[in-house]
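The chain contents come next:
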Amino acid sequence: MLDTQDLSVGYDGVDVVREANFYAPASSLTALIGANGAGKSTLLRAIAGLSPATGHVLLGGASANRREDIAYMPQDTSAASGLTLLETVMLGRLSSLGWSTPAAVVDAASDLLAQFGLSALADRPLHAVSGGQRQLAFLAQALVRAPQALLLDEPTAALDLRHQLLVLEAVKADAGRRRIPVIAAMHDLSLVGRFADHVICLQAGLVVATGAPAVVLTADRIAAIYGVSAEVEVRAGRPRIELLSAIN
């Protein structure tokens, strides 16, 4: 389990996230939701140790070595590089690479590319593939690290419908198989309702709700957070959400 205790982060003297206290269960996908500017990306970067912050991040009840234990995939994966997709994925195991690359690392990277339908592009440079394919390669890079926790900033944003499902299925399977917490910032509430095991709702830098999707994703909360009217129907414990209109 990943816990935050009074985690706060700001820039130029302005607090962006204030005293965030929540947990993300192991073996689960936790969705981090909130409107644009709520602080989701800032919070993920703070948890990953990439932004100065106060407070504590715990893994399994102990202080986390965030640079070693936690893998983070940013929202922006537009970096151009001459590396191939296979080499990009293998960089996730950089600490174990030497003058020669272990066959197990190549196999693990190749398996992930195959899982995302990218085997035919393994030798293509990163700058010569689409934004969605680049995003899949960076996700594979994060997964091949086999981290103790995984943070994803809008992992399905640039993907078509099929790959959105493939990615979320793969992330949930990896979380369950390795018993790790995964936190993903997500905007598509229909995907949150279908795939998330746990939800953290952020509003103006404050954690305002946590819990199961059916508990957090109510019509009233969607209206308050997003300014949108919605109909929510819970089936088999899962909320199904139909967005109706913007609230003036």
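Residues numbered from 1 in each chain as written. Predicted model: local features only at pLDDT ≥ 70, side-chain atom pairs only at ≥ 80, totals over all residues. Heavy atoms only, no water.

### Description of the overall build of the protein
Each helix and strand in the protein was counted, giving nine helices and 12 strands. By the compact-globule yardstick of 18 Å for 248 residues, the protein fits well, its C-alpha radius of gyration being 18 Å. The dimensions of the protein, computed from C-alpha atoms along their principal axes, are 55 × 40 × 35 Å. Restricting to contacts in the protein with at least 6 residues of sequence separation, those with at least 24 account for 63%. (Helix = DSSP H or I, 4+ residues; strand = E, 2+ residues; numbered from the N terminus. Rg over C-alpha atoms; globule rule 2.2 N^0.38 Å. Contact = heavy atoms within 4.5 Å.)

### Brief notes about the pattern of salt bridges
Scanning the entire structure with this criterion turns up five salt bridges. Here aspartate 197 makes a salt bridge to lysine 172, at a shortest N to O gap of 2.9 Å. Separated by 25 residues along the polypeptide, aspartate 197 in the loop between helix H7 (189-195) and strand E9 (198-203) and lysine 172 in helix H6 (residues 161-178) bring together distant segments of the chain. Aspartate 197 sits in the partly exposed class, given a relative accessible area of 31%. Among the ionic pairs, aspartate 174 bridges to arginine 178, the shortest N-O distance being 2.9 Å. Of this pair, aspartate 174 and arginine 178 both sit in helix H6, four residues apart, roughly one helical turn. Its relative accessible area of 6% is what places aspartate 174 among the buried residues. (Salt bridge = Lys/Arg side-chain N within 4 Å of Asp/Glu carboxyl O. Buried < 20%, exposed > 50% of the residue type's maximum accessible area, 1.4 Å probe, protein only.)

### Some thoughts on the pairing of strand E6 (residues 70-73)
Alternating positions in E6 separate into two faces, Ile70 and Tyr72 on one and Ala71 and Met73 on the other, with burial throughout. Note that E6 and strand E7 (residues 149-153) share four bridges and pair parallel. Each residue of the ladder has a partner; that of alanine 71, found in E7, is leucine 150. (Pairing = 2+ DSSP bridges.)

### Quick word on the nonpolar core
Phe116 and Val192 are the most contacted members of the largest nonpolar core, which has 53 residues in total. A per-element tally of this core places helix H5 (residues 131-144) first, with eight residues. Setting aside residues no more than four positions away along its own chain, phenylalanine 116 makes contact with Leu136, Leu139, Ala140, Leu143, His163, Leu166, Val167 and Ala170. The next biggest cluster of nonpolar side chains, apart from the first, holds 25 residues, and it includes Val9, Ala48, Ala149 and Ile200. (Core = buried A, V, L, I, M, F, W, Y, C linked by side-chain atoms within 4.5 Å.)

### A look at the sheet that holds strand E8 (residues 181-185)
Within a sheet, each strand pairs with its neighbour through backbone hydrogen bonds, oriented either parallel or antiparallel. The strand order E6-E7-E8-E3-E9-E10 describes an open sheet built from six strands, whose pairing is mixed. Two strands close off the open sheet at either side, each with one partner strand: E6 and strand E10 (206-211). If you compare each strand with its neighbour and ignore which way they point, the axes differ by 15° on average. Of the pairings in the sheet, the one linking strand E3 (residues 28-33) to E9 comprises four bridges and is parallel in character. (Axes fitted to C-alpha atoms, helices over the stretch in contact; angles between N-to-C directions.)

### Quick word on the sheet that holds strand E1 (residues 2-11)
The strand order across the open sheet formed by four strands is E2-E1-E4-E5, and the pairing between neighbours is antiparallel. Lying at the two open borders of the sheet, with one neighbouring strand each, are strand E2 (14-24) and strand E5 (62-63). Contacts from helix H1 (residues 40-47) reach E1, E2 and strand E4 (54-59), with the element oriented near 115° to E1.

### Observations concerning the pairing of E9
Working note: regular strand, side chains alternate between the two faces of the sheet. The buried fraction of E9 amounts to five of the six residues, a majority that puts the element mostly inside the structure. Here E9 pairs with E10 via five bridges, running antiparallel. What sits directly across from cysteine 201, in E10, is alanine 209. Hairpin connection of E9 to E10: two residues between the antiparallel strands, including alanine 204 at a positive phi of 50°.

### What to know about H6
With 18 residues, H6 extends 26 Å between its outermost C-alpha atoms, agreeing within 8% with the 26 Å of an ideal straight helix rising 1.5 Å per residue. Within the sequence span of H6, burial applies to His163, Gln164, Val167, Leu168, Ala170, Val171, Asp174 and Ala175. The arc enclosing the buried residues of H6, seen along the axis, measures out at 160°, which places them on a common side. Turned more than 90 degrees off the buried face of H6, the exposed positions are Leu161, Arg162 and Arg177. (Expected span 1.5 Å × (residues − 1). Arc of directions from axis to C-beta.)

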